[in-house]
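Listed here are the chains, written in short residue letters.
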Amino acid sequence: MLPVVVRITPPLPAGEVLPNAAAFEGIWAAAVPQDCLEHLTVTSGDEDLSIAVFVRACDLAHAEQQVDRLMQRMLGQTPPLAGWTVTECIAADLRRPTQ
């Protein structure tokens, strides 16, 4: 399982409430078996949402591609997130270096 960090930003004016629940529910609703989605967390920042998405993938590049496709699908299918954009989608290698 590989983690991918995603940031999405709204087209809203500053001070608007960011829809954590809409993102969480929207991702699960948009997921298809090919996404290999295992787990996710959503955290709101001052001007964006940070999403940690965990997927089964053969390598970091495939994990990023899977999650980017999922995010684009989710943004297109979740009305409260209409107009939001993915500003970052980066897979993280959490393995410890061998010595």
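I will try to describe carefully the structure that is included in this document. For clarity, every value in this text was computed on a predicted model and none was experimentally measured.

What follows deals with the side chain of Q66. Residue position: Q66 is located in helix α2 (residues 60–77). In this view, Q66 contacts Q34, D35, C36, V55, R56 and A57; residues no more than four positions away in its chain are not counted.

Turning our attention to the sheet that holds strand β4 (residues 85–91). Taken in spatial order, the four strands make up an open sheet running β2-β3-β1-β4, and their pairing is antiparallel. A strand with exactly one partner marks an edge of an open sheet, and here the two such strands are β2 (37–44) and β4. Geometrically, the sheet is characterised by an average inter-axis angle of 20° between neighbouring strands, direction not taken into account. Sheet analysis places strand β1 (residues 2–9) next to strand β3 (residues 49–55), joined by seven bridges and oriented antiparallel. Looking at the pairing, V5 lines up with A52 of β3.

Looking now at unusual backbone geometry. Most of the time, phi is negative for any residue but glycine, and the peptide bond is trans. Located in the positive-phi region is C36, a residue other than glycine, with phi close to 55°. Tracing the sequence through the fold places C36 in the loop between α1 (20–30) and β2.

Here the focus is α2. End to end, α2 covers 26 Å across 18 residues, agreeing with the expected 26 Å (1.5 Å per residue, within 8%). Within α2 the residues assigned to the buried category are A63, Q66, V67, L70, M71, M74 and L75. The arc that holds the buried residues of α2, viewed along the axis, is 160°, so those residues lie on one side. Structurally, α2 contributes buried residues whose contacts are with β1, α1, β2, β3 and β4. The N-cap residue of α2 is D59: its side-chain oxygen and the backbone nitrogen of A61 are 3.2 Å apart.

Turning to the pattern of salt bridges, a few remarks are in order. With the rule as written, the count across this model stands at four salt bridges. Note that R7 and E88 form a salt bridge whose closest N and O atoms lie 2.3 Å from each other. Taken together, the residues span a long stretch of sequence, with R7 in strand β1 and E88 in strand β4 at a distance of 81 residues. With a relative accessible area of 30%, R7 lands in the partly exposed category. Salt-bridge contacts for E38 lead to R56; the nearest nitrogen and oxygen are separated by 2.1 Å. With E38 in strand β2 and R56 in the loop between β3 and α2, this pair connects stretches of sequence that are 18 residues apart. According to the relative accessible area criterion, R56 is partly exposed, its value standing at 43%. Overlapping salt bridges, with partners in common, bring together R7, D48 and E88 in one network.

Rules behind the numbers
- Residues numbered from 1 in each chain as written.
- Predicted model: local features only at pLDDT ≥ 70, side-chain atom pairs only at ≥ 80, totals over all residues.
- Heavy atoms only, no water.
- Helix = DSSP H or I, 4+ residues; strand = E, 2+ residues; numbered from the N terminus.
- Contact = heavy atoms within 4.5 Å.
- Pairing = 2+ DSSP bridges.
- Axes fitted to C-alpha atoms, helices over the stretch in contact; angles between N-to-C directions.
- Expected span 1.5 Å × (residues − 1).
- Buried < 20%, exposed > 50% of the residue type's maximum accessible area, 1.4 Å probe, protein only.
- Arc of directions from axis to C-beta.
- Polar contact = N/O pair within 3.5 Å; in protein donor to acceptor, adjacent residues only side chain to side chain.
- Salt bridge = Lys/Arg side-chain N within 4 Å of Asp/Glu carboxyl O.

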